Amino acid sequence: MTTTTDQVTTADPPGTGTSRSTPPRKKTSGGGGLGRYVLVRFLLIIPTVFILVTTVFVVMRSTGDPITAALGGRLRADQLAERIHEAGYDRPLVVQYLEYLGGIVRGDFGTTISDNRPVSEVLTTYGAATLELAVYALIIAFLVGVPLGLVAAHHRDRIPDAVLRIFAILCYATPVFFAGLLLKLVFSVGLGWFPVAGRASTGAELQMMALPDPSGFYVVDAIRTGDPAVLGDVLLHAVLPGVALGLLTAGVFLRLVRTNVIGTLATDYVDAARSRGVSEGRLVRTHAWRPALIPIITVMGMQIAMLLAGAVLTETTFEWKGLGFMLAQYLQARDFVAVQGIVVLLAVIVAVTNFLVDVLAALIDPRVRY
């Protein structure tokens, strides 16, 4: 005799008019998750910056005190010892470190040895130029990398795709200073289309310096002058440095967009749209490119670090007087106080940029919240 076991359903007794059901789940709001995620990412900036500042301080001090590094061999021993004592570099290293941390909190990064300027003044004077160059490079990277990545995905495994993949490899494999020299040789020396170096011509710089409280961002100051010729001059000077630095990131964006668009085109919802007769070109333009932007935003923080590293060579190549250009000058002068301040500021910029990128990625794609 076979015995069957039926699934037993629990219900209220007849006549009660109600049935037992699973209690409703509490709805969790996404806003709380996002707020917690943003708070955690913001708090992580503090230990990140602390570790970076400590690392830079230890590395700079590993070669000895900055006075000896910059002026050793050019001063007598007694003069050198007097300068070291005046600067406080003969005190215990822990005392110097704590004093340096306190100065950073107050916005005091010390005084340069080679030209006796406050490091904070150097940062504010030349920092705008580096940020401006990074913005130009990001614009070039997006204008070149994203559309070409879509084209490569649309023509997957065909001649256009192969050509664009080779182009992407050349972009991020070519040293930025070599790309800058080629651009100068062809478009400045050969064709004469663009200026060879600098951020603006002398006349344009004089007009912008005459403005009350110039911002240091030449595009903003050029607009404030109200002279279209000044704005045109500033933009002409920005083309070649922006392209040289932007192509470095454009190659990365191109490969990312291509890979993610190809992956998106293989998803179920794209197959459903394809079955309704939607053309491949429209699938790429309408359905696939937006999800492909998410990984670009995610890695943008790392690309900002690459841009700032490349800015040192780009600014030196084009005599673009920003933090990278000054960093090279102070390295040659062995002015480690100035080098330390510039490196710390660049590290803080990278940390804050990564925080903003993470927040933007969380707003676009809720899956990154944890």
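Residues numbered from 1 in each chain as written. Predicted model: local features only at pLDDT ≥ 70, side-chain atom pairs only at ≥ 80, totals over all residues. Heavy atoms only, no water.

### Some thoughts on helix 4 (residues 93-105)
Here helix 4 contains 13 residues, and its C-alpha end-to-end distance of 19 Å stays within 8% of the 18 Å for a straight helix at 1.5 Å per residue. Every buried residue belonging to helix 4 is among Q96, Y97, Y100 and G103, and all of these are buried. When helix 4 is viewed along its axis, its buried side chains cluster within an angular range of 125° and face the same direction. Exposed residues on helix 4 whose side chains face more than 90 degrees from its buried face are V94, L98 and V105. Immediately downstream of helix 4, the backbone of G107 shows phi near 85°, a positive value. (Helix = DSSP H or I, 4+ residues; strand = E, 2+ residues; numbered from the N terminus. Expected span 1.5 Å × (residues − 1). Buried < 20%, exposed > 50% of the residue type's maximum accessible area, 1.4 Å probe, protein only. Arc of directions from axis to C-beta.)

### Things to note about the UniProt feature "transmembrane region" (unreviewed entry) in the chain
The positions UniProt marks with the feature "transmembrane region" (unreviewed entry) are residues 38-60, 133-154, 166-187, 234-254, 292-313 and 336-364. Note that residues 166-187 is 91% helix and 0% strand, and that its end C-alpha atoms are spaced 23 Å apart. In this annotation, residues 234-254 is assigned 100% helix and 0% strand; the end-to-end C-alpha distance for the span is 28 Å. (UniProt positions renumbered as here; feature names shortened; annotations may be inferred.)

### Points about the nonpolar core
Here is a general trend for soluble globular proteins: nonpolar side chains tend to be buried in one another's company. Membership of the largest hydrophobic core comes to 54 residues, with the highest contact counts inside it found for M208, V234, L245, Y330 and I342. At 11 residues, helix 14 (residues 336-364) tops the list of elements feeding residues into this core. Membership of the second largest hydrophobic core comes to 7 residues, among which are V146, L150, A153 and L265. (Core = buried A, V, L, I, M, F, W, Y, C linked by side-chain atoms within 4.5 Å.)

### Observations concerning the environment of F178
With respect to the secondary-structure elements, F178 resides in helix 7 (residues 176-190). Once the C-alpha coordinates of F178 and T314 are considered, the two residues, 136 residues apart in sequence, prove to be 9.4 Å apart.

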